[in-house]
Amino acid sequence: MSIVKNLPATFANRDIEGMCRRRYDALVIGGGINGAGIARDLALRGLRVALVEKGDFASGTSSASTKLIHGGVRYLEHLDFHLVFESCRERSILQKIAPHLVRPLPFFIPVYRDDPRSLLTIRAGMALYDLLALLRNTRHHSILNPAEAVRREPALQQEGLKGVALYWDCRMDDARLCLENVLAAREAGAETRNYLQVTGLLASGGLTRGARLRDMENGEEVEIEARVVVNATGPWLDEVCALDGDEEKKLRPTRGTHILVPRINCGEEALYLTAGRDDRLFFVIPRGPLSLIGTTDVDFRGGADEVGPTEEDVGYLLSETARHLRREPPKRSEVVASFAGLRPLLSDSSAKASGVSREHRIFESGSGLISVGGGKYTTYRAVADEVARRVCRRLGKSPGRCLTHRLPLPGGATGRFETYLRRRTPVLAERCGLPETTVESLILRYGSRIDQLLALADAEPELLQPIAEKSTLLAVEAAYAIEVEMARTPEDILRRRTALALGAGRGVAELENVSTLLGRRLRAPADRCQQWQSAYRARYSTP
Ligand code: FAD
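Residues numbered from 1 in each chain as written. Predicted model: local features only at pLDDT ≥ 70, side-chain atom pairs only at ≥ 80, totals over all residues. Heavy atoms only, no water.

**A word on the site of the ligand**
For the record, the criterion: Any residue with a heavy atom lying within 4 Å of a molecule or strand is counted as near it. We define a polar contact as two N or O atoms separated by no more than 3.5 Å, with the added condition that, inside protein, one atom must be a possible hydrogen donor and the other a possible acceptor, whereas residues neighbouring each other in sequence contribute only through side-chain atom pairs. All accessibility values rest on the Shrake-Rupley procedure with a 1.4 Å probe; residue burial counts only the protein chains present in the view. In this description a helix means any DSSP run of H or I spanning at least four residues, a strand means any run of E spanning at least two, and both kinds are numbered starting from the N terminus. Basically, the charged four are Asp, Glu, Lys and Arg, the nonpolar ten are Ala, Val, Leu, Ile, Met, Phe, Trp, Tyr, Cys and Pro, and anything else, Gly included, counts as polar.
Among the 35 residues in the neighbourhood of the ligand, the closest are listed as Asn 34, Glu 53, Ser 62, Leu 68 and Thr 378. The contact in question runs from an oxygen atom of the ligand to an N or O atom on the backbone of Gly 60, over 3.5 Å. In the model, an oxygen atom of the ligand is placed 3.4 Å from a nitrogen or oxygen of the Gly 375 main chain. Protein contact buries 96% of the 1000 Å² of open area that the ligand shows by itself. Listed by contribution, the elements that provide at least two residues to the shell around the ligand are α3 (33–44), β8 (196–204), β11 (254–262) and β16 (337–343). Classifying every residue of the shell around the ligand gives 11 nonpolar, 19 polar and 5 charged.

In structure tokens, the structure reads:
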């Protein structure tokens, strides 16, 4: 992230001045899933809300997750029944409010002869998991014998295999689910800005009353007043608490790395595997032509801005995957992409990082700063509800009713999604002259906003062309990201509005044209386009 000075007003003009003239009920710091969810909830309760994010929305942990909305089978081992119960309930709600982004996914847990968890233990855990979901899961679990399991997933190591548990959770697009919450917050009346960093807190009469901010695009300093400030900065939580004079460490951040390799699963099921060296569980998830493998869980003591995958993490994932495969395991040179994020876990003296609870906690300082730590992506909506009620109490307002469990997210207004997908795909394909497979992918990304997206091409039909030769990215998607989805850099478009940066080509072939389109639409100077491209290449040219 760089501060760019002397840009023409047109480029920098995001009406930040206008935002500074207003006085808000609540200022939410941090545009990850928690901040976005809180801003939406508060705005739906009729509060005047501002949401600010120092980078792009979801540029922190919320685009570096395993991309699962899950009950958390693993937490049963820690007897964390409340978390599993809450997560299963949230899984079912999120499938209803964002059915295009939260999609059912079957999982295999293979059990081998010397595994730390016996087939009996896994069977009992699965029964409990179904029970805690209160029959709201996609399907009940079943236990497959080794022959049946290997028939369905020939890549699995057969030697010593005792059986395989098959159960269901959901996959999701973490960056886009976060973005849809930001868009929903905006639709409900919140002001939302990315590239605006809180550098200090304003106080009056001993109470926090707003924040000093830096516009990361032009370096200007501004102030925003609010009656309550919410710190939803995830792994940066302690840094923002320090601005409030509170130096106590509330977090124990742990680093989680993922790698993407050419597809190793033959079937459509994700694999939930046990690492031999430390008995940890990790996933191998099919992702088009690739497999996503992760994650690690390692205590992290550096600055939250510095996190990145280490060679040790990558080696761990490759070698632990290899012991479960019958086929030749992926090599280091085959790793297409890797990424790492920090879990903002609550401070805890557990010996093992993976043993730290995933529950959340809300802190309220003497000056009234409300901070939220811990939690998992899956439970963000419930956490937002709790924070929103706390904010209302502080404002002396009745909290009213939470609406986020029943109002669809912006792309989620599809009715029964499978029917919507089946009916709309051929109609739109015919209308726009696009292949049905392309339209289907667009619906899975934009849900019911597909019409808004395609309407952009009514005036400029050339936008329906791929942005670069043979690219799967249509120019209209980049245009929509800029016009509607607040993208400000090529990385915003290639890594978070779409996930090309995690694919084999890493978005490098699309970079120049995306930069040109962005430069033209934001009226950015030519040297800015060059800076975007160099920064992107430096970050994404190596796996
Ligand atoms: P973040 O997403 O990090 O958001 C905080 C934001 O605050 C950042 O964008 C940051 O830029 C911004 N910020 C910081 N300081 C400032 C400032 N001064 N001014 C303005 N903005 C600021 N959970 C699941 O349910 N399912 C999973 O599959 C899953 N997998 C995971 C895998 C890994 C490797 C990790 C690390 C976590 C995973 N989690 C998962 C947990 C989940 O991803 C996190 O709990 C969640 O994303 C945290 O969101 P957040 O909004 O609190 O933090």
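Next comes the rest of the write-up.
**Details of the side chain of Arg 495**
Rules: Only protein chains enter the accessibility calculation, which uses a 1.4 Å probe; a residue whose area is less than 20% of its type maximum is buried, one above 50% is exposed, and one in between is partly exposed. Just so you know, the count uses Lys and Arg for positive and Asp and Glu for negative, and it drops His and the chain ends. Note on definitions: salt bridges are taken to be side-chain nitrogens of Lys or Arg within 4 Å of carboxyl oxygens of Asp or Glu. Note on contacts: a residue pair qualifies if any of its non-hydrogen atoms lie within 4.5 Å across the two residues.
Relative to the elements of secondary structure, Arg 495 occurs in helix α15 (residues 490–497). Summary of buried charges: Arg 495 has no salt-bridge partner, and the nearest side chain of opposite charge, Asp 174, is 5.4 Å away. Among the polar contacts listed, one links the side chain of Arg 495 to the backbone oxygen of Ser 63, at a separation of 2.7 Å. Aside from chain neighbours lying at most four places away, what touches Arg 495 is Ser 63, Ala 64, Phe 339, Ala 501, Leu 502 and Tyr 540.

**Details of the packing of helix α16 (residues 508–522) against helix α17 (residues 526–540)**
Spelled out, the test is: Comment: axis = line fitted to C-alpha atoms, over the contacting stretch for helices; angle = value between 0 and 180 degrees taken between N-to-C directions. Oblique is the label for any angle not covered by the other classes, which are roughly parallel (under 35 degrees), roughly antiparallel (over 145) and roughly perpendicular (65 to 115). By convention, the crossing between two helices is left-handed when the near helix turns anticlockwise from the far helix through less than a right angle, and right-handed when the turn is clockwise.
Contact pair α16 / α17: the axes reach a minimum separation of 10 Å and the direction vectors enclose 150°. Overall, the two elements α16 and α17 adopt an arrangement that is roughly antiparallel. Where α16 crosses over α17, the handedness of that crossing is right-handed. Packed against α16, whose contacting residues are Val 508, Leu 511, Glu 512, Ser 515, Leu 518, Gly 519 and Leu 522, the element α17 presents Cys 529, Trp 532, Gln 533, Tyr 536, Arg 537 and Tyr 540 at the interface. Looking at the contact of α16 with α17 residue by residue, the classes come out as 8 nonpolar, 3 polar and 2 charged.

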